[in-house]
Every structure is written in C-alpha cells, then in structure tokens.
Amino acid sequence: MINKQHMEVQAEEKVIPPEKSRKIFEKEFMPHLDAMYNFALRLTNDEDDANDLVQDSCLKAYRFIGSFEPGTYAKAWLFRILKNNFINDYRKKSRGPSKVEFEWVEQSYAGEDDAEPAFQADLRAESVNEMMGDEITAAIQALPVDFRMIIILCDLEEFSYEEMAKILNIPIGTVRSRLHRARAVLKEKLANYAKKRGYGSDTLSDELELI
Amino acid sequence: MKTSCNHQSNCMKLIQKILDKEATSEEEATFLANKDQCLPCQEGYELELSLKKAIREKCVKKCPDSLFEQIRAKLFLLLILISILIPLLC
C-alpha cells in the first residue's frame with residue numbers, strides 16, 4: 001500500500017533535470033511563441049498585456065514541464081495554459097461590467113444545442129473578400145471573449161475540434177455549437193458593416209464603433 | 001437549380017464541418033453532389049470559405065521582432081535563474 005502510493009506520487013511529479021527541461025522548452029515550446037503571442041494579443045487586445053500573458057504562460061509551462069508528455073502536441077498544451085492564465089487574470093481584473101458579459105456567455109451555453117442562431121446573415125462572399133484585415137479584426141475583437149477565442153483557435157490556428165475541446169475544457173459537442181454560433185454573430189456584424197459601407201459616408205472608425 | 005434550401009441550417013453546419021476538416025468523406029461527398037443543384041448551399045459554401053480564408057490571412061499580427069526578442073531574452077534569463085536556484089534550494 002505504502003509502496004503503491006509512493007509510486008503514484010513519483011509518477012505525478014516526474015522531476016526533470018533543469019538541463020533537460022531547457023532542451024524540451026527550446027525544442028518543443030519556443031517554436032510556438034509567435035502563435036502564443038498572436039493568441040494573447042487577440043484575447044487581451046493590448047500589446048503589453050499580451051507580452052505579460054505570454055511570459056507568465058511560458059514560465060508556468062516551464063514549471064509544469066513534468067506533466068508535458070513529449071511527442072504530444074505541444075502547441076495545444078501551451079494554448080491551454082495560456083487560456084487558463086487569461087481566464088484567471090480576466091476574472092480577477094473584471095469586477096466591472098465586462099464580467100457580466102463573460103458570465104452571460106458562459107451561461108448561454110449551459111443548455112447547448114438549442115442555442116441555434118435564428119438568423120442567416122445577409123452577407124456575400126464578395127463582400128468578405130473586399131474587406132480589409134482591419135475590418136475583420138475589429139469585428140472579431142468586438143465578439144464576446146468565448147466566441148473570439150474559439151474562432152481564433154479554429155480558423156487561425158487550425159486546431160481540430162478535439163484539440164479545442166481539450167484546450168477549452170468543454171465537450172466536443174459544445175465546441176461545434178459554440179463555433180457555429182460565434183460564426184453566426186461574426187457574420188451578422190460583418191453584414192451590418194457591409195450594409196453601412198454600401199450607403200457609406202461615415203469614416204471607417206465611426207462605422208466600426210457601431211458594429 | 002434550387003433557389004431555396006429546406007434544410008439550410010443543417011447544410012450550414014455541414015459546410016462548416018467540411019471546411020474545418022471534421023466531416024467524414026461520405027458527408028463531404030453527399031454535400032458536394034448536392035451543392036451543384038442548390039444555390040443557397042453554393043453561396044453558403046463560398047461565404048464560409050471566404051470568411052475562413054480572410055481570418056487566416058488577414059488577422060495574423062506577427063509578434064514584432066523587437067518584442068519577440070525581448071520576451072525570449074527575459075524568459076531565458078528567468079529560466080537560467082530557475083535552473084540554478086532550484087538545485088541550490090533542494
């Protein structure tokens with residue numbers, strides 16, 4: 001009995017010598033620094049915050065390097081740490097109105113599949129093709145954080161549904177429906193923007209504020 | 001060619017699944033066969049495709065090199081400190 005417990009503890013901690021840790025870090029983690037920064041920037045919307053978030057997440061990854069299994073997808077593991085870090089910071093900082101927004105988003109998924117988008121956005125592929133990067137980025141930035149996160153993980157970082165389920169710690173069915181709903185909201189925002197631009201005399205920034 | 005689709009909500013879900021590379025090959029084949037005869041499905045497919053492409057191509061803000069180096073340098077300094085300190089403390 002004592003022996004068994006002892007073995008379990010050892011298996012969990014798996015102490016790795018610093019030299020080897022540094023090697024794993026350099027080889028497996030550093031190549032994803034760019035993607036991590038981009039994800040952090042999209043989440044925080046601020047260069048300094050993104051910088052801090054990436055650094056904190058890297059240090060955490062180093063600290064828990066023993067629980068990383070070499071050969072598995074390091075990027076997904078790192079993104080999961082980054083996302084958890086972000087959510088913790090976000091919860092701590094947001095004692096203001098944005099907290100309500102976040103909780104509302106979380107709650108609205110509790111039921112799942114009935115969260116069917118009621119509308120089909122009136123948006124054409126040509127309008128999307130004509131849009132500038134800034135316009136699309138601004139529309140994504142205006143999404144609630146859960147929607148923003150899943151769109152970036154899927155469309156930008158090209159994680160599979162299964163990987164996203166692990167990163168976000170939600171069932172795969174929720175990944176599917178959240179993604180579907182996030183895209184519906186994004187399309188609606190872009191459709192509004194395209195429509196306004198059609199009549200357009202306002203400046204770009206005025207219009208983006210209205211999205 | 002159909003100008004309205006009776007199951008558009010399901011079709012849109014399937015389109016996204018296909019573009020996300022999560023659909024089975026049967027699902028994909030069924031949809032592609034159907035797509036030629038259905039205008040809303042064709043338009044939906046084009047829209048989802050262009051949206052996905054736009055996000056992938058236009059929303060990447062590369063970490064500025066200076067900042068990248070700064071993160072790297074700071075991180076490595078910390079890592080070296082940690083790897084010196086941990087054996088000393090243990």
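Residues numbered from 1 in each chain as written. Chains lettered and ligands numbered in written order. Predicted model: local features only at pLDDT ≥ 70, side-chain atom pairs only at ≥ 80, totals over all residues.

**Q** Quick rundown of the overall build of chain A? Include the residues and the values.
**A** Within chain A, the regular secondary structure consists of 12 helices and 0 strands. Its helices and strands taken in sequence order, chain A reads α-α-α-α-α-α-α-α-α-α-α-α from the N to the C terminus. A sequence separation of at least 24 residues applies to 70% of the contacts in chain A between residues at least 6 apart. (Helix = DSSP H or I, 4+ residues; strand = E, 2+ residues; numbered from the N terminus. Contact = placed C-beta atoms within 7 Å.)

**Q** So what's going on with the domain arrangement of chain B? Residues and values would help.
**A** Domain annotation for chain B reports domain 1 (1-59) and domain 2 (61-90). Spacing between the C-alpha centres of domain 1 of chain B and domain 2 of chain B amounts to 45 Å. (Domains from an automatic or database assignment.)

**Q** Tell me what's going on with unusual backbone geometry, and back it up with residues and numbers.
**A** Phi is mostly negative for residues that are not glycine, and the peptide bonds are mostly trans. Residue and element names in this part refer to chain A. With phi around 55°, E158 is a residue other than glycine that occupies positive phi space. With respect to the secondary-structure elements, E158 resides in the loop between α9 (145-156) and α10 (161-168). Residue classification places E158 among the exposed positions, given that 12 C-beta atoms sit within 10 Å. Phi is positive for N169, close to 60°, though the residue is something other than glycine. (Buried ≥ 20, exposed ≤ 12 C-beta atoms within 10 Å, placed from the backbone.)

**Q** Describe in detail the interface of chain A and chain B, supporting the description with residues and values.
**A** With 36 residues of chain A in contact, the opposing surface of chain B contributes 31 residues. Secondary-structure elements contributing two or more residues to the side of chain A that touches chain B are α2 (18-29), α3 (33-44), α4 (47-63), α7 (125-130), α8 (133-141), α9 and α11 (172-199) of chain A. Per element, the largest residue contribution to the side of chain A that touches chain B is 6 residues, and it comes from α4 of chain A. Looking at the side of chain A that touches chain B residue by residue, the class counts come to 20 nonpolar, 10 polar and 6 charged. (Nonpolar A, V, L, I, M, F, W, Y, C, P; charged D, E, K, R; others polar.)

**Q** I'd like a rundown of the confidence of the model for chain B, residues and numbers included.
**A** Mean pLDDT over chain B: 84, with 97% of residues reaching 70 or higher. As scored by the predictor, the complex reaches a pTM of 0.78 and an ipTM of 0.81. (pLDDT = per-residue confidence, 0-100.)

**Q** For the packing of α3 of chain A against helix α5 (residues 74-93) of chain A, give the residues involved together with the corresponding values.
**A** Residues and elements named next belong to chain A. Contact geometry for α3 and α5: axes closest at 11 Å, N-to-C directions at 25°. One element, α3, and the other, α5, form an angle in the roughly parallel class. In the packing of α3 onto α5, the handedness of the crossing is right-handed. Along its contact with α3, which presents A35, M36, F39, A40 and L43, the element α5 presents K75, L78, F79, L82 and F86. (Axes fitted to C-alpha atoms, helices over the stretch in contact; angles between N-to-C directions. Parallel < 35°, antiparallel > 145°, perpendicular 65-115°, else oblique. Left-handed = near helix turned anticlockwise from the far one by under 90°.)

**Q** Before we move on, can you summarise the nonpolar core with the specific residues and values?
**A** Membership of the largest hydrophobic core comes to 54 residues, with the highest contact counts inside it found for A40, L78, L82, I150 and I151 of chain A. Looking at this core, the elements that each hand over two or more residues are α3, α4, α5, α8, α9, α10 and α11 of chain A together with α3 (39-58) of chain B. For this core, the leading source of residues is α9 of chain A, giving 9 residues. Contact partners of I151 of chain A, with chain neighbours within four places excluded, come to I140, A182, R183 and L186 of chain A together with I55 of chain B. Counting residues in hydrophobic clusters, the runner-up holds 6 residues, among them M12, L14, C38 and Y45 of chain B. (Core = buried A, V, L, I, M, F, W, Y, C linked by C-beta atoms within 7 Å.)

**Q** Break down the domain arrangement of chain A for me, with residues and values.
**A** Residue and element names in this part refer to chain A. Looking at the assigned domains, one finds that chain A contains domain 1 (1-93) and domain 2 (123-201 + 207-211). Listed per partner, the contact involves 10 residues of domain 1 and 10 residues of domain 2. For the side of domain 1 that touches domain 2, the secondary structure elements donating two or more residues are α3 and α5.

**Q** If you had to explain α9 of chain A to someone new, which residues and values would you point to?
**A** Along an α-helix, residues three or four apart share an orientation, since each turn contains 3.6 residues. Residue and element names in this part refer to chain A. In this model, α9 (12 residues) spans 15 Å end to end at C-alpha, consistent with the 16 Å of a helix rising 1.5 Å per residue. Taken as a whole, α9 has its buried residues at V145, D146, F147, M149, I150, I151, I152, L153, C154, D155 and L156. Of the residues trailing α9, E158 is marked for its positive phi of about 55°. (Expected span 1.5 Å × (residues − 1).)

**Q** Describe helix α1 (residues 8-19) of chain B, listing the residues and the values that go with them.
**A** Residue and element names in this part refer to chain B. Its 12 residues place the ends of α1 16 Å apart at the C-alpha level, agreeing with the 16 Å of an ideal helix rising 1.5 Å per residue. Residues of α1 that are buried include every one of M12, L14, I15 and Q16, and no others. Within two residues after α1, K21 carries a phi angle of roughly 60°, on the positive side.

**Q** Just give me the short version of the packing of α3 of chain A against α4 of chain A, but keep the residues and values in it.
**A** All names here are of chain A. At a closest axis distance of 8 Å, the pairing of α3 and α4 adopts a crossing angle of 130°. Comparing the axis directions of α3 and α4 gives the class oblique. Of the two elements, α3 crosses α4, and the hand of that crossing is right-handed. Side by side, α3 and α4 meet where M36, Y37, A40, L41 and T44 of the first sit next to E47, D49, A50, L53, V54 and S57 of the second.

**Q** Can you tell me about the confidence of the model for chain A, naming the residues and giving the values?
**A** Residues and elements named next belong to chain A. Looking at chain A as a whole, the pLDDT averages 77, with 73% of positions reaching at least 70. Looking over chain A, one finds the lowest element-wise mean pLDDT in helix α1 (residues 2-13), namely 45, and the highest in α10, namely 95. Across residues 1-12, confidence stays below pLDDT 50; counting only partners more than four residues off in sequence or on other chains, it has 0 contacts. Segment residues 99-104: pLDDT under 50, and 5 contacts once partners within four positions in sequence are set aside and those in other chains are kept.

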